[in-house]
Structures are given as C-alpha cells and as structure tokens.
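A closer look at the structure
Residues per chain, in single letters:
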Amino acid sequence: MQVWKEYQENNKDRFLNELLELLRIPSISAATENKADMVTCAEAVKKRLLEAGVDKVEIYSTEGHPIVYAEKIIDPAKPTVLVYGHYDVQPAEPLELWKSGPFEPVIIDGKIFARGSCDDKGQVYMHVKALETLIQTNTLGNNIKFCIEGEEEVGSPNLGKFVATHKEVLKADVILISDTAMISLDTPSIDIGVRGLSYIEVTVTGPNRDLHSGVYGGAVANPITMLAKMIASCHDENNHITLPGFYDDVVEATAEERKLMAEAPFDEKEFKDDLGIQELWGEKGYSTNERTGIRPTLELNGIWGGYQGEGAKTVLPSKATAKISTRLVPNQSSEKITAMLLEHFKKIAPPGVTVTAFEHHGGEPYMTPIDSTAYLAAAKAIETTFGKKPIPVRGGGSIPICALFEKELGIKIVFMGFGLDSDNLHSPNEKFNLENYYKGIETIPYFHKYFTEMMTK
C-alpha cells in the first residue's frame, strides 16, 4: 500500500513530536502525587484520538485512574478490532541512574529515552497513528475501538468492573495489544502467550523498637536476617522453587514447543555483555529463553529495614519488609499461588519474630492460539513489512487483563509488540528505537487489512 507509506513518510516528524509530548507527562499510576498528571495524560490521549479521526472519545472515571474509550465505526456489520493499551507508567526511581530526565525525552543514536517510551505510550501511539493513516488515505475497511487504561502498572484493579459493565460498548471480534516485544527487527517474532503474576508484600517484626546492636545483638532475632533466610529458602540448590505444591498445576511445554523455542536466535555472550554480568542464573535443566517464557519464577523486587542513611548506625531493627512476585505459566492460578505465598511466609517464620503479609495484585497467564484468524493476520502483516515470517515465542512479562478480557467479552487476543527486551522496561533509561516505532505504524494497518479480509471470506 504505497499510499500508506507516502502518508507516513510525509508525517513522520509530526508522529514523533506528538509522542514526545505524551512522554513529558509523568503519568505514574502508583504515585498519589501524580494523580492530576494521570487526568492530564488521559485528556491528552483523548485529544490525539480525536485528531486521528475517531467518531467519539469518552473518558470514564473509576475508583482509581480514568479509562479512555474511543471508536471509529464505519459499518456495524464489518469486523471490529478492539485495541487495548495503557497510558500509565512505572515509577522512574532510581532517578540518579537516568542519563537524562525520565520525563524529558531525548533522542540519542536513533532511540527515544524516556519513561513510557516503549511501555506502553510509544506502542499505544503506533495504533493511533495507524488509525490516522487508514482514515486519511480513505482505506479503513473495519471498525476500530480503543480501550486505553491508566492502571496497568498497578494491576488494573478497576478495569474488571469497567469491562463487566460495558460489554456492549467493548464488543469486538478480536483484541489487539502492543505491550510486548519482538526478538529484533532482523528476527521478528510474535508473543503467543504472557505469564501470570502474583505480587505480595511481607513484613517481619521482632522487638518492639530498634535496639542497640551491641547490647542486644546475639540475644534477639534480627528481622532482616530472618527475612533474608526465609527468602533464601524459597529456592533450592537447582534454583527450583521450594514452596510445596507450587508446580502442581504447571502445564509443561511439549518437546515440539521447546524445539521451536530453541530455533529463536540467542547469543549468550551478547546477552551477558548487555547486562554487565559474568554468569547466567536460573532453574536447572532449562535454557535462558525457556526460563523467561515457559517456566514460573519467584523474585525479590524490593527489601528494606534498619538504618539506610549516611554513615553508620549500629542498630538491630524492629522490622524488615520485602516485596515478592511470582510469574506464572498456563494453568497456574494467581489466586491460588497468592494464598500459597501468604501462608508459606507465615508458616516458615522462625521463633522470635512475627510475620504479616498481604497481596498487592495479580493476574492470570494467557495463551493465544497460533491457528486463529487474528494470529494469522498478524503474522502476515509482519511478514509483509519485515520480509520474514515471525517466530512464535512466549513472553516473560504479564498483562493481567488478558484472561479477564477473554472471560468477559468471549474473544481472543493477539499480541503485536514492537519493543525489544533490551529497552530497559521498568528500569532507568527506558528506550524505544525510532525504527521500531515507525515499523509499528507501518505494520499495524496491514493487520486491519488482512484481518478484515480473512473474516469476510
């Protein structure tokens, strides 16, 4: 479609500048002080959708942050694609590790550095500009709806209620999500699944106050030491998770699927060099790609307690706290695993300390069928613009709403991510390659074209 290419080339500078404006808004859903910024960002998304040519946009209030809904209906009888994404971002800390301001986007070596550049503002905005391309070239052949939320990074606590009460509004034939990655521009891929998530917080309490570590050390259990021992006990010498029953519901990947995953290019030295590490770590008996795709994990996301200020303070702390998450694979239940985690940490608490624990949020794993019309359309679209068939892979991240969407709306999801695993998601110096951004805008219109053609044969 030469007309698409010409339109996109003529407007590429504007496409970029509009994204940079969006990236300047610190839409951190986890931070109370950024609540007003969340509303500002929702309004900005609404404005850009209207400019792109949708028929209507509505901002729905929730008990948390607002949801932006938009639609372009050309004919109710035509196929409808529902695009899901999120405008909220992760906190930017630690700020001292950023080479530029997290909300002051800069372009260096063909990459946009800013919080949200890839996850997920940049990838959401590809869809907005793809829609504009279709409308302005008079080539839109299907209906398109948008559901862009502001709470994905905190577990989407209010999206479930919205979906359940707006089923007719969200009615579609497929859900299209760009919140994942591909192997590279040279080796395109499509995620056929994402892992689930269980996220808890554990606090270990010992004495009723901080103590002098000389006067009381050796006589009173140190909560930091106890918590560290408890966490360390969650893996054995083979890095296998030790919680009783943790693997009971895991659906093991077939030999055929593992063989297919092994065909994906992976340079171990390049992987280690990029991360600045000497050795890899993980569950014995599985490759790196398998550990991050088809196997569940348990990770420590944060830990604190005692004195953390400048200089020394010889203190035996009263409390220690950790944030712990697990990534789950098909057939594991986040509700079941969360209950297991909460009970386990209370059960293994040694004498001398008490444990309190609670859930932050969770979500279910999700798999998309590779023989579905949507997957085939996505694969054909990528092959058209990349000149290569995409490799189906399993994503290591989590999108908690996937299983919820399918349950409530009764439709499948297809992932078309254009980010890279090396884009520093959730880390300092998050980035998104300009080439990937423009490639997404180029490819997405083909998905709509092919999906519509396949659905109306």
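Up top is the structure these notes are about.
A few points on the structure. (Residues numbered from 1 in each chain as written. Predicted model: local features only at pLDDT ≥ 70, side-chain atom pairs only at ≥ 80, totals over all residues. Heavy atoms only, no water.)

**Examining the sheet that holds strand S13 (residues 319-328)**
With antiparallel pairing, four strands are arranged side by side in an open sheet as S11-S13-S9-S14. Strands with a single pairing partner mark the edges of an open sheet, and in this sheet they are strand S11 (297-305) and strand S14 (354-363). The average angle at which neighbouring strand axes cross in this sheet is 15°, direction not considered. In the sheet, S11 pairs with S13 via eight bridges, with the strands oriented antiparallel. (Pairing = 2+ DSSP bridges. Helix = DSSP H or I, 4+ residues; strand = E, 2+ residues; numbered from the N terminus. Axes fitted to C-alpha atoms, helices over the stretch in contact; angles between N-to-C directions.)

**Quick notes on the state of the cysteines**
A complete count under the given rule lists zero disulfides for this structure. Cysteine Cys-41 shares no disulfide, and the gap to the nearest cysteine sulfur, in Cys-147, comes to 15 Å. Residue classification places Cys-41 among the buried positions, given a relative accessible area of 0%. Here Cys-118 stays unpaired: no disulfide links it, and the sulfur of Cys-41, its closest cysteine neighbor, is 16 Å away. (Disulfide = S-S within 2.5 Å. Buried < 20%, exposed > 50% of the residue type's maximum accessible area, 1.4 Å probe, protein only.)

**Quick notes on the pairing of strand S2 (residues 67-72)**
With six of six residues buried, S2 is to be regarded as a mostly interior element. Burial of S2 is two-sided: the residues Ile-67, Tyr-69 and Glu-71 facing one way and the residues Val-68, Ala-70 and Lys-72 facing the other way are all buried. Where strand S1 (residues 56-60) lies against S2, five bridges are found, and the strand directions are antiparallel. From the neighbouring strand, Glu-58 faces S2, where its bridge partner is Tyr-69. In textbook terms, the turn of a hairpin is the stretch between consecutive antiparallel strands, and for S1 and S2 this stretch comprises six residues.

**What to know about the sheet that holds strand S7 (residues 174-177)**
Spatial ordering of the open sheet is given by S1-S2-S6-S3-S7-S17, a layout of six strands whose pairing is mixed. A single partner strand is all that each edge strand has here, and the edge strands are S1 and strand S17 (413-415). With strand direction ignored, the average angle separating the axes of adjacent strands in the sheet is 20°. Here seven bridges tie strand S3 (residues 80-86) to strand S6 (residues 143-149), and the two strands are oriented parallel to one another. Bridge assignment links Val-81 to a residue of S6, and that residue is Ile-144.

**Brief notes about unusual backbone geometry**
In this structure, Pro-94 follows Glu-93 across a cis peptide bond, with omega equal to 0°. With respect to the helices and strands, Pro-94 occurs in the loop between S3 and strand S4 (106-108). At the junction of Asp-119 and Asp-120, the peptide bond is cis and its omega measures out at 5° in the coordinates. Tracing the backbone shows Asp-120 in the loop between strand S5 (111-113) and helix H3 (121-136). With a phi close to 50°, Ser-156 is a non-glycine residue in the positive phi region. You can see Ser-156 is positioned in the loop between S6 and helix H4 (159-165). According to the relative accessible area criterion, Ser-156 is buried, its value standing at 7%. One non-glycine residue, Asn-331, lies in positive phi territory at about 85°. Secondary-structure assignment places Asn-331 in the loop between S13 and helix H9 (334-347).

**Concerning the pairing of S6**
Looking down a regular strand, the side chains alternate between one sheet face and the other. With seven of seven residues buried, S6 is to be regarded as a mostly interior element. Along S6, one buried face is formed by Asn-143, Lys-145, Cys-147 and Glu-149 and the opposite face, lined by Ile-144, Phe-146 and Ile-148, is buried too. As defined by bridge partners, S2 adjoins S6 across five bridges and the pair is classed as antiparallel. Bridge pairing links Val-68 to Ile-148 in S6.

**Quick notes on helix H5 (residues 223-232)**
For H5, the full list of buried residues reads Pro-223, Met-226, Leu-227, Met-230 and Ile-231. Buried residues along H5 cover an arc of 130° about the axis, so they all sit on one side. Opposite the buried face of H5, at more than 90 degrees from it, the exposed residues are Lys-229 and Ala-232. Backbone nitrogen of Ile-224 and a side-chain oxygen of the N-cap are separated by 2.9 Å at the start of H5; the cap is Asn-222. (Arc of directions from axis to C-beta. Polar contact = N/O pair within 3.5 Å; in protein donor to acceptor, adjacent residues only side chain to side chain.)

**Structural notes on the nonpolar core**
Counting 63 residues, the largest nonpolar core has Leu-49, Val-68, Tyr-87, Phe-146, Met-416, Tyr-437 and Phe-447 as the members making the most contacts within it. It is helix H12 (residues 434-455) that contributes the most residues to this core, nine residues altogether. Counting residues in each nonpolar core, the second largest holds 27 residues, with Val-204, Met-230, Ile-337 and Met-340 among its members. (Core = buried A, V, L, I, M, F, W, Y, C linked by side-chain atoms within 4.5 Å.)

**Examining the packing of aromatic side chains**
Under the defined criterion, the tally for this structure stands at twelve aromatic pairs. On the numbers, 6.4 Å between centres and 50° between planes, the contact of Tyr-7 with Phe-15 is tilted. With relative accessibility at 16%, the residue Tyr-7 sits in the buried group. When the centroid spacing of 6.2 Å and the interplanar angle of 80° are considered together, the rings of Tyr-366 and Phe-415 count as edge-to-face. Taken together, the residues Tyr-366 in strand S15 (residues 366-367) and Phe-415 in strand S17 connect sequence positions 49 residues apart. Grouping residues by exposure puts Tyr-366 and Phe-415 together as buried. (Phe/Tyr/Trp six-rings, centres within 6.5 Å; stacked < 30°, edge-to-face > 60°.)

**With respect to the pattern of salt bridges**
For the structure on display, the rule yields 25 salt bridges. A salt bridge links Arg-14 to Glu-18; the shortest N-O distance between them is 3.0 Å. Note that Arg-14 and Glu-18 are positioned in helix H1 (residues 2-23) at a spacing of four residues, about one turn of the helix. Note that Asp-55 and Lys-72 form a salt bridge whose closest N and O atoms lie 3.2 Å from each other. Remark: Lys-72 occurs in strand S2 and Asp-55 occurs in the loop between helix H2 (35-52) and S1; sequence separation between them is 17 residues. Judged by its relative accessible area of 44%, Asp-55 is partly exposed. For Lys-72, a relative accessible area of 17% translates into the label buried. Three or more residues are tied together by salt bridges with common partners; here these are Arg-14, Glu-18, Glu-21, Lys-47, Arg-48, Glu-51, Lys-129 and Glu-132. (Salt bridge = Lys/Arg side-chain N within 4 Å of Asp/Glu carboxyl O.)

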